Amino acid sequence: MQQVLEKVKAPKGGSKKSSFPKETWLTWYETMLRIRRFEERSLMMYSQQKIRGFCHVYIGQEAIAAGLVSALRKEDALITAYRAHGIALAKGLSSKECMAELFGKATGCVGGKGGSMHFFSAEHKFFGGNGIVGAQIPIGAGIAFAEKYKGTDNLCVTMFGDGAARQGALYESFNMAMTWKLPALFICENNQYAMGTSVARTSNVQDLYKIGAAFDMPSEAVDGMDPEEVHNALDRAAKHIRSGKGPYFLEIKTYRYKGHSVSDPGKYRTKDELQAYMDIDPLKLTEEKILKNKIATDAEIQSIKDKIKAEIEEATQFAEDSPLPIAADLYTDNYVENDYPYVRD
Amino acid sequence: MALKLLLRDGLREAMIEEMRIDENVFLMGEEVAEYNGAYKVSKGMLEEFGAKRVIDTPIAELGFAGIGVGAAMNGLRPIVEFMTWNFAVLAFDQIVNNAAKTLSQSAGQFKCPIVFRGPSGSAGQLAQQHSQTFESWLGNVPGVKVISCVDPIEAKGLMKAAIRDENPVCVMESEVFYAMELEITDDGKRTYSFGGKKFEADGLMPQDGEDVIVPIGKAAIRRAGTDVTIVTFNKMVFVALEAAELLKAEGISAEVIDLRTIRPLDHDTILESVKKTNRLVIVDESWPMFGVASEIAYQIQKYGFDHLDAPVTRVNSADTNLGYSSVFVEEYLPNAQKVAEAVKNVMYVK
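Residues numbered from 1 in each chain as written. Chains lettered and ligands numbered in written order. Predicted model: local features only at pLDDT ≥ 70, side-chain atom pairs only at ≥ 80, totals over all residues. Heavy atoms only, no water.

**Side note on the sheet that holds strand 2 (residues 126-129) of chain A**
Residue and element names in this part refer to chain A.
At step 1: Strands sit in the order 2-1-3-4-8-7 across an open sheet of six strands; the sheet is parallel. Taken across any chain shown, the strands that pair with only one partner, and hence form the sheet edges, are strand 2 and strand 7 (219-223). For this sheet the average axis-to-axis angle between neighbouring strands, irrespective of direction, equals 15 degrees.
At step 2: In this structure, strand 3 (residues 156-161) lies alongside strand 4 (residues 184-190), joined through six bridges in parallel fashion. Its bridge partner being in strand 4, M159 is matched across the sheet by I187. (Pairing = 2+ DSSP bridges. Helix = DSSP H or I, 4+ residues; strand = E, 2+ residues; numbered from the N terminus. Axes fitted to C-alpha atoms, helices over the stretch in contact; angles between N-to-C directions.)

Written out as structure tokens, the structure reads:
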């Protein structure tokens, strides 16, 4: 952990002029702010029991979502695990349909059928929202397989945590993805804790990007607290994949400020460790950089803040006002046909 | 139309015909391509369709089942072969947690039109890990359909229906019965041959040039009878037909129903037969507890109670792990004698 922190704390020429245009910086900022405020509201609504079940928030990891927005194409597919809110918003799902889903409402992105862990959107090529640790890794390889089979120029981003990196499914999928040169971008969001268990306690090799070496898969570690770094790494990976050379693996080192889920107080880590990461908070640092380097004005930043505040307010109201699904919907979508249920009582 | 067809050839014809008409259908699994299939079901398919569509995988059931699920979610129609369903246990996360749930979780946005296929059931002295029957396991899962049929031409028709189906379909075949032959003669006689035994079996009579499709969810009556209904599936149909011959010699007329599909189950065909015969014996190669036979017994006691003249009786594989020795195999599996005995019990004859 200490090593990671030293790496991410190292000065990266914050005062140096960025090569990215103003729009990109503001996209990053807006994406991260939307996710932060959405997740803060989710926690508040959870405490009011408007949201139930398991709820895993993305706070602290937003720079990864920001990089995904700027570095990839809308046509690229994406699949992730159950910490899905931030990634879904980054992929283009609206705050309204996401908040309504958390409320279990009929207007949610999956009509109240998925909840926090299972957001989906065919329109945005967002393939979920998977609740089984590591199950999305072979599925992501399969989504990439279909893109290659159909002869498109698209890739599939498959995201998973440090816990999933030690599931057998990863090794099977990495092998086939490399053997078949699938357009697959694998991203391990290493937030350093698989629920309450640190990577150090369960993994002999703690630099998880090294897993790729056994498959000859190009792999690198990335500072996940900086959207610029994330963007650059994603851009390198996407170029490699689109050139037909096959998969790429990024271990993006990040940190979640909250517990594994809402019910987790996070007692397995120190306050100092948490504070050290909050000191390099991507949202705060990005805002500082934008202002310090005069990429945008105070007024422009303020207008983004106002916009997001209103958006989250509206999303919450929308979720609150929306109808619940009807009980009969319990029996739909098990099969494409509607002759269900099969059994009489 | 006169016909001679082995089960393995029927299954292959189904895959080939569907792959010819739909570019998005492909086959993947262990040894399916260059080796021509562990049981030669996919023989010649690599040659016709090439390595893009007939794909040898590493031994990684979880991984390639998941790749199939992802490909299906993203617009393709994979056929995933398991060398046996025993090995598919490694892939149950993808079948049960993903293929079966994708449509529901996404509220209908992502379909998963995939076929998982391979042999299920005992295939001789293969001992504990290679002899299991999976119809009951998967028949319990909302979101998948389960087919289990060894009639060569109907298995072909069901396989074609499975490939065209928009949902995940698990197809249970039979290692030993891949070699069962169906012969249809010009006079319309339909005969199964296996292991030196032959039994007449009613069923589909394909017309010349017919695109054979058998709808999922419908049972078939293999042999009409009046005294007792024997409901069964997969290779136990052959056992039931043999039992029916033994019973005929004793003046008992047995009706044999082949379920063909396990999920959804064709309750109506069973119930109609029981209304006629008033007696039901279920022959199910699965273990007895919580299985296909139990579900049918429940349905018939609930909806056919007034028509029953005897308790519903089941003949299952023994509730134990199957050991290697031939003595154990004989003791474990249902056979014609055990089925005939069960029938005589529900007929109250010695």
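**As for the interface of chain B and chain A**
At step 1: On the chain A side, the residues contacting the 55 residues of chain B number 40 residues.
At step 2: For the pair chain B and chain A, the two sides together bury roughly 3900 Å², of which 61% comes from carbon and sulfur.
At step 3: Among the residues chain B hides against chain A, the three largest losses belong to I67, N74 and Q105 of chain B. Together they make up 18% of the total.
At step 4: At the junction of chain B with chain A, the criterion picks out one salt bridge.
At step 5: Salt-bridge contacts for E337 of chain A lead to K145 of chain B; the nearest nitrogen and oxygen are separated by 3.2 Å.
At step 6: Summed over the shared surface of chain B and chain A, the result is 23 residue pairs in polar contact (both at pLDDT 80 or more).
At step 7: Listed by contribution, the elements that provide at least two residues to the side of chain B that touches chain A are strand 2 (25-29), strand 3 (54-56), helix 3 (61-73), helix 5 (92-99), helix 6 (102-105), helix 10 (267-277) and helix 11 (292-303) of chain B.
At step 8: Grouping the constituent residues of the side of chain B that touches chain A by class yields 22 nonpolar, 19 polar and 14 charged. (Contact = heavy atoms within 4.5 Å. Buried area = accessible area lost by both parts, 1.4 Å probe. Salt bridge = Lys/Arg side-chain N within 4 Å of Asp/Glu carboxyl O. Polar contact = N/O pair within 3.5 Å; in protein donor to acceptor, adjacent residues only side chain to side chain. Nonpolar A, V, L, I, M, F, W, Y, C, P; charged D, E, K, R; others polar.)

**Focus on the sheet that holds strand 4 (residues 77-81) of chain B**
All names here are of chain B.
At step 1: Spatial strand order, 3-2-4-5-7-6-14: seven strands in an open sheet with mixed pairing. Looking along the sheet, the strands with just one partner apiece sit at the ends: strand 3 and strand 14 (261-263). Sheet twist, expressed as the average angle between the axes of neighbouring strands with direction ignored, equals 20 degrees.
At step 2: Bridge count between strand 2 and strand 3: three bridges; the pairing is parallel. Across the sheet, the residue bridging to L27 is V54, located in strand 3.

**Re the packing of helix 2 (residues 22-47) of chain A against helix 11 (residues 282-292) of chain A**
All names here are of chain A.
At step 1: Here helix 2 crosses helix 11 at 150 degrees, and the two axes come no closer than 10 Å. In terms of crossing hand, the pair formed by helix 2 and helix 11 is left-handed. Across the interface between the two elements, W25, L26, Y29, M32, L33 and R36 from helix 2 touch P282, L283, T286, E287, K289 and I290 from helix 11. (Left-handed = near helix turned anticlockwise from the far one by under 90°.)

**What about the packing of aromatic side chains?**
For any pair of aromatic rings, the description rests on two quantities: the centre-to-centre distance and the angle between the ring planes.
At step 1: Summed over the entire model, instances satisfying the criterion amount to 30 aromatic pairs over all chains.
At step 2: A centroid spacing of 5.4 Å and a plane angle of 40 degrees characterise the contact between Y149 of chain A and F26 of chain B, whose relative ring orientation is tilted. One end of the pair, Y149 of chain A, is in helix 6 (residues 136-150); the other, F26 of chain B, is in strand 2, on a second chain.
At step 3: We classify F26 of chain B as buried; its relative accessible area is 0%.
At step 4: Centre to centre, the rings of Y193 of chain A and Y268 of chain A are 5.1 Å apart; their planes meet at 45 degrees, and the pair counts as tilted. Highlighted residues: Y193 of chain A in strand 5 (residues 193-194) and Y268 of chain A in the loop between strand 8 (248-253) and helix 10 (271-279), separated in sequence by 75 residues.
At step 5: A relative accessible area of 9% places Y193 of chain A in the buried class.
At step 6: Judged by relative accessible area, Y268 of chain A falls into the partly exposed class, the value being 26%.
At step 7: Within the aromatic cluster, the residues linked to one another by ring pairs are F160, Y171, F174, F186, F215 and F249 of chain A.
At step 8: Above the plane of the ring of F318 of chain A lies K96 of chain A, whose end atom (NZ or CZ) is 4.9 Å from the centre.
At step 9: A cation over a ring is seen here: K52 of chain B above Y149 of chain A, with NZ or CZ 4.2 Å from the ring centre. (Phe/Tyr/Trp six-rings, centres within 6.5 Å; stacked < 30°, edge-to-face > 60°. Buried < 20%, exposed > 50% of the residue type's maximum accessible area, 1.4 Å probe, protein only. Lys NZ or Arg CZ within 6 Å of the ring centre and 35° of its normal.)

Geometric values such as these leave the question of function open.
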